[in-house]
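Overview (structure and organization)
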Amino acid sequence: MKNLIKKILFFIFIFIFILSIQITSASNLNISCESAIVIEQNTGRILYSKNIDRKRAMASTTKIMTAIVAIENGHLDDIITISQNAAEIEGSSIYLEANEHLTLEELLYGLMLRSGNDAAYAIAEYIGGGNVEKFINMMNRKAEEIGANNTHFMNPHGLHDKQHYTTAHDLAKITAYAMKNETFKKIISTKNKTISWENHEWNRSLTNKNKMLWNYQGGNGVKTGYTTDAGKCFVSSAFRNNIQLIAVVLKSNDIWKDATALLDYGFDHYKPYKVISKEDYLKSISVIEGTKDRIRTYSKKDVIIPIRKEEKDKIQVKIVLPEEIQAPVMREQIVGKLEVYVNNEKIDSTDIYVKDSIQKKSVQNMFEKFINHWVGQ
């Protein structure tokens, strides 16, 4: 009996020990930064957080927004003439010279690989139609659209301004949005790039400042930053085991160590779980005055969420659909939402579509249906 009690106590001790390790790792990661967050890109689910809503200077991580606004509003092969103002901007530089010509694509590589403030200013001038203030307004509108409501931009490069700030959470949201763009993803994951240099015998050779592209398994972005006021900042990302994570560290003593710890934590504790597959039949709904009485619904994409092992049994799927819909109905028309919850926390949602088109009944349709019904009897 004593041996049995000892065994039970031993297993209880082991269970409590393992649990304590998990709790400690979740709340007390060994990171030096003052604000930090890890999210899964597709759902935006927060996997770890530290002071994520505290407003802070963001330094050159600003250029994430600069890049995505430029990509969405310009063409990569656009030729840009460098102004004197752009060439003379202070701070990090790709050594642009007044009156030289580069494509927007080349400037984007200079912006994101070498953090060129001159490239940022030249891009802002061009996309803003010669007006940098107009481009900054575009940045702020995009932040609002993304839901980065605690962010405000005063310039396209990140040099210090008291009214230029973000939060770790907002910066993660902005990055998650930007990484949906394939051009942005290609640029930030590029290790080395050669771009033109007019009136020189050689081209500019750019090496990405982001060491995680070489040193972290699956590392694929994003942007470093530093000013005296902001301290060392870093938005990092990695794809591993079919899950894309984004980590943000603000005012860090060691951005590489902090980013590694955050990404490791995310990959170690969360795994992707497929809730439904695209094209799966979800539910049918009634069609009023249609040539068919019911129509099938589906999702256009796989719904995959990041979960802990112990959360698998706590997933809830809510299908939000009307009981009926008025004809006519167009093929791939959006008719509702599929929402996924874990422990009553909404993790993801996606649109629900109809499979087919259904026309509205005409007098002829109704007459033919009546005749067919009568003949059938």
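Residues numbered from 1 in each chain as written. Predicted model: local features only at pLDDT ≥ 70, side-chain atom pairs only at ≥ 80, totals over all residues. Heavy atoms only, no water.

Another aspect to go through is the sheet that holds strand β16 (residues 334–342). Strand order in the open sheet made by the six strands is β14-β16-β17-β12-β11-β15, with mixed pairing throughout. The open sheet terminates on both sides in strands that have one partner only, identified here as β14 (315–320) and β15 (324–326). The mean angle between the axes of side-by-side strands here comes to 35 degrees, regardless of whether they run parallel or antiparallel. (Pairing = 2+ DSSP bridges. Helix = DSSP H or I, 4+ residues; strand = E, 2+ residues; numbered from the N terminus. Axes fitted to C-alpha atoms, helices over the stretch in contact; angles between N-to-C directions.)

Here the focus is the side chain of His157. With respect to the helices and strands, His157 occurs in the loop between α6 (132–146) and α7 (168–178). Looking at His157, the relative accessible area reads 7%, which means it is buried. Only 3.2 Å separates the side chain of His157 from the backbone nitrogen of Leu159, close enough to count as a polar contact. Other than its neighbours up to four places away in sequence, His157 contacts Ala59, Ser60, Thr62, Lys63, Ile89, Asn117 and Ala120. (Buried < 20%, exposed > 50% of the residue type's maximum accessible area, 1.4 Å probe, protein only. Polar contact = N/O pair within 3.5 Å; in protein donor to acceptor, adjacent residues only side chain to side chain. Contact = heavy atoms within 4.5 Å.)

A few words now on the packing of aromatic side chains. The way to describe two aromatic rings as a pair is by their centre distance and the angle between their planes. For the coordinates displayed, the defined rule picks out four aromatic pairs. The interplanar angle of 65 degrees and the centroid separation of 5.0 Å between the aromatic rings of Phe234 and Trp256 together place this pair among those described as edge-to-face. With Phe234 in strand β8 (residues 231–240) and Trp256 in helix α10 (residues 255–269), this residue pair connects regions lying 22 residues apart in the sequence. A relative accessible area of 0% places Phe234 in the buried class. Judged by relative accessible area, Trp256 falls into the partly exposed class, the value being 23%. Over the aromatic face of Tyr109 sits the side chain of Lys193, whose NZ or CZ is 4.7 Å from the ring centroid. The cationic tip of Lys355 hangs over the ring face of Tyr298; the distance from NZ or CZ to the ring centre is 4.3 Å. (Phe/Tyr/Trp six-rings, centres within 6.5 Å; stacked < 30°, edge-to-face > 60°. Lys NZ or Arg CZ within 6 Å of the ring centre and 35° of its normal.)

Looking at the element boundaries, Ser115 is found in the loop between α4 (104–114) and α5 (117–127). For Ser115, the residues in contact, after removing those within four places along its chain, are Ser60, Lys63, Ser92, Gly110, Lys209 and Lys223.

Moving on, we come to the pattern of salt bridges. Under the counting rule described, the total for this entry stands at 13 salt bridges. Between Arg56 and Glu34 there is a salt bridge, with its nearest N and O atoms 3.0 Å apart. In this pair, Arg56 sits in the loop between β2 (46–50) and α2 (63–73) while Glu34 sits in the loop between α1 (2–27) and β1 (35–40), placing the two residues 22 residues apart along the sequence. Overall, the relative accessible area of 12% leaves Arg56 in the buried class. Judged by its relative accessible area of 35%, Glu34 is partly exposed. A salt bridge links Arg204 to Glu100; the shortest N-O distance between them is 2.6 Å. Here Arg204 is found in strand β6 (residues 204–207), whereas its partner Glu100 is found in the loop between α3 (84–87) and β4 (101–103), with 104 residues between them in sequence. (Salt bridge = Lys/Arg side-chain N within 4 Å of Asp/Glu carboxyl O.)

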